[in-house]
Amino acid sequence: MDAPNQILTAAQMRAGEERLIADGTSVTELMERAGRGAADWVFRVAAGRKVTVLCGPGNNGGDGYVIARVLAERGVPVEVVAPRAPTTDVAKEARKRWGGEPVVTARGAVLVDCLFGTGLSRPLSGDLHRLLIELSYAHNHWIAVDLPSGIDADSGELLNDVLPVYSLTLALGAWKLAHWMMPAQAIMGDLRLVDIGVEPEEGAAGLSERPTLFVPERDAHKYARGLLAVIGGAMPGAGVLASRAAMHGGAGYVKLYSDHDGLPGVPPDLVVAGDPMPALATDPRIAAVLIGPGLGRSEEARSVLSWVLACDLPTVCDADALVLLEPEMLEDRSAPLVLTPHAGELDAIGNAFASSEPDRLEQVTELAEAIEGVLVAKGPDTIVAAPGRPPVFMPPAPSWLSTAGTGDVLAGLIASQLAVGETSAFQAAQNGCWLHREAALRAGPAFSASGLVAQLPAAYGAFL
Ligand SMILES: NC(=O)C1=CN([C@@H]2O[C@H](COP(=O)(O)OP(=O)(O)OC[C@H]3O[C@@H](n4cnc5c(N)ncnc54)[C@H](O)[C@@H]3O)[C@@H](O)[C@H]2O)[C@@H](O)CC1
Ligand SMILES: Nc1ncnc2c1ncn2[C@@H]1O[C@H](COP(=O)(O)OP(=O)(O)O)[C@@H](O)[C@H]1O
Ligand SMILES: [K+]
């Protein structure tokens, strides 16, 4: 993972900093780099208006004194509120170099929160919490340095119930997990990274990189681009929706297997066939299978799932298939597998595979190992995990996606990318998520799942 894309735990961040220090960079120099880098952003946001820097007792507060000094040198009116004296040597030194006198409270245009960063280990005490909220009301722009104060850097939990919502968060040296994990992600505002020279950390999680998608070869034909089999079920609409999405997700041919009379909303260019069993068992042109959307949870659905998985084709399991899944069904498989659970379905998989890990990222990583496949843990902070490699976070997508049927669209897209067969299943899953997000960005507010599908060709175009 490139350094600018890596996402670190607080401990990994400390290790990265310690390596820089061992290689001869002083802590003071690191704080100077962090403070100066952050001050550049604050300077631009302030545009000459009054800035208040709230400094805490640790090194996050130390960064704040550097920011205050640099802004003052550049002619910006700046005041410092410091409810606790600095406790670390570097922060004491930074305060000395700033050389000013803190005030008890302040008003202004821009509040710079340097109360706590990665060192916060418990909720803000009553006085500090009140001060932070009071200062947030007394300013119109809110910048968090490294992290908003009051959140846990590793879990993204809010340690205090009410916290300000920031307009900008400046991550120092590297992203921390909380920058990309809910609920903290929702209060970050825009995110910018300040480089202080931290190197890539072995095994660190990362941000998914924007992909370039496949264009059919000059001599391509529909089978060469990948034939995707979508297995229908008791609720046929979901399979149709997933198929319609898959038709715009890269695959050359999408076939929906359903014996339902009068399928709703089938476009003329979607091929519908009856029993999938003969084809899956014998047709070598089938490049991938999608099962789950609208499958139902009956005994019959369970045996169809079991049979489809036993065919050992590259497979995406979504929705009902995730609830019906049992470890034995995966035992003899070697073909790529992608599971796309939302939070409730992730719990069901956790139960089936006896994983009680409470931390979401740990659980997703553990389950990817257990299923020996790719896990796409969907939601406002989607994580994609695969065995033997660090997980990646997808960039936040519009919350308008929280509407029925968008999960079917995502499953169709991932399955389509899997059928194309140009990348690993891990990358196919990320490609599907990128397409899904891009279509949502283009669909505007209050779209339906069909509205999302309508944006897919243009969304695909954004990755060529
Ligand atoms: N260590 C380094 O080399 C660098 C650190 N930097 C900054 O340093 C920050 C981390 O600094 P620290 O480890 O000093 O931690 P913080 O400044 O985040 O917290 C300071 C200390 O406060 C105490 N504390 C924790 N929770 C508290 C609470 N609720 N109420 C009162 N006190 C509490 C803890 O002892 C903690 O270590 C980073 O987020 C970043 O801003 C940057 O300057 C870059 C270089
Ligand atoms: N608040 C949100 N912000 C961003 N994306 C969301 C949000 N809520 C849901 N999504 C996305 O929308 C999709 C919903 O999928 P799912 O819950 O399976 O819905 P359905 O079963 O109705 O199709 C997932 O891709 C999920 O990541
Ligand atoms: K902070």
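Residues numbered from 1 in each chain as written. Chains lettered and ligands numbered in written order. Predicted model: local features only at pLDDT ≥ 70, side-chain atom pairs only at ≥ 80, totals over all residues. Heavy atoms only, no water.

Quick reminder of the rule: UniProt positions are given in the numbering used here, feature names are shortened, and annotations may be inferred rather than shown by experiment.
As recorded in an unreviewed UniProt entry, the chain goes by Bifunctional NAD(P)H-hydrate repair enzyme and comes from Aurantiacibacter xanthus. For the chain, the Subunit (unreviewed entry) comment in UniProt is given as "Homotetramer."

### Some details on the coordination of the potassium ion (ligand 3)
We apply this condition: Here a donor is any nitrogen, oxygen or sulfur atom (N, O, S) within 2.8 Å of the metal, with 3.2 Å used for Na, K and Ca; water is not among the atoms considered, so some sites may look incomplete. Residue burial is assigned from relative accessible area. The probe radius is 1.4 Å, only protein chains are included, and a residue is buried under 20% of its type maximum, exposed over 50%, and partly exposed in between.
Within the first shell, the potassium ion (ligand 3) binds the protein through Asn60 (OD1), Asp113 (O), Phe116 (O), Val145 (O) and Leu147 (O), at distances of 2.5 to 2.9 Å. Sequence positions of the residues that donate to the potassium ion (ligand 3) give the spacing N-x52-D-x2-F-x28-V-x1-L. What makes Leu147 buried here is its relative accessible area of 0%.

### Let's talk about the site of ligand 2
Short version of the rule: Residue proximity to a molecule or strand is established when one non-hydrogen atom of the residue lies within 4 Å of it. Here a polar contact is recorded for every N or O atom pair within 3.5 Å, except that within protein the pair must consist of a potential hydrogen donor and a potential acceptor, and residues adjacent in sequence are included only if both atoms are side-chain atoms. Surface accessibility in these figures is a Shrake-Rupley result with a 1.4 Å probe; residues are shielded only by whichever protein chains are displayed. Here a strand is any run of E in DSSP of at least two residues, a helix any run of H or I of at least four, and the numbering for each starts at the N terminus.
The immediate surroundings of ligand 2 are formed by 17 residues, with Lys378, Gly379, Gly405, Gly407 and His436 found nearest. Note that an oxygen atom of ligand 2 is positioned 3.3 Å from one of the side-chain N or O atoms of Thr406. Look at ligand 2: alone it shows 570 Å² of surface, and the protein chains cover 77% of it. With four residues, helix H12 (residues 406-420) is the single largest residue contributor to the shell around ligand 2.

### Details of the UniProt feature "domain: YjeF N-terminal" (unreviewed entry) in the chain
When the UniProt feature table is mapped to this numbering, "domain: YjeF N-terminal" (unreviewed entry) covers residues 13-204. End C-alpha to end C-alpha, residues 13-204 measures 10 Å, and it is 35% helix and 16% strand.

### Focus: unusual backbone geometry
Residue Pro183 follows Met182 across a cis peptide bond; omega there is 0°. Following the sequence through the fold, Pro183 ends up in the loop between strand E7 (175-176) and strand E8 (190-194). At Ala319, a position not held by glycine, the phi torsion is positive, near 45°. Among the secondary structure elements, Ala319 is positioned in the loop between strand E14 (315-317) and helix H9 (320-324). Accessibility expressed as a relative area gives 14% for Ala319, which makes it buried.

### Comments concerning the sheet that holds E8
Filter applied, for reference: Paired strands, in this sense, are two strands between which DSSP finds at least two bridges. For helices, the fitted line uses only the C-alpha atoms of the stretch in contact; every axis is such a line through C-alpha atoms, and the angle between N-to-C directions lies from 0 to 180 degrees.
Taken together, the six strands give an open sheet; going across it, the order is E3-E2-E4-E5-E6-E8, and neighbouring strands pair in parallel fashion. Edge positions in the open sheet fall to strand E3 (78-81) and E8, since each of these has one partner strand only. Mean inter-strand twist for the sheet, computed between neighbouring axes without regard to direction, equals 20°. Pairing of strand E5 (residues 141-145) with strand E6 (residues 168-172) involves three bridges; the strand directions are parallel. Residue pairing across strands places Val145 opposite Leu170, the latter belonging to E6.

### Section: the UniProt feature "binding site: AMP" (unreviewed entry) in the chain
Residues given the UniProt feature "binding site: AMP" (unreviewed entry) here are Lys378, Gly379, Pro380, Asp381, Thr382 and Gly407. On the basis of their most widely separated C-alpha atoms, the annotated residues across 30 residues gather in one place, lying no more than 14.2 Å apart. Counting through the fold element by element, Lys378 comes out in the loop between strand E16 (374-377) and strand E17 (383-385). What makes Lys378 buried here is its relative accessible area of 15%.

### A look at the site of ligand 1
Lining the immediate surroundings of ligand 1 are 20 residues, of which Asn59, Asn60, Asp63, Gly117 and Asp146 lie closest. A distance of 3.0 Å is found between a nitrogen atom of ligand 1 and a backbone nitrogen or oxygen belonging to Pro123. Asp146 is positioned such that a nitrogen or oxygen atom in its side chain is 2.5 Å from an oxygen atom of ligand 1. Protein contacts shield 81% of the accessible area of ligand 1, which totals 860 Å² for the unbound molecule. Mapped onto the shell around ligand 1, the elements with two or more residues apiece are helix H2 (27-46) and helix H3 (59-73).

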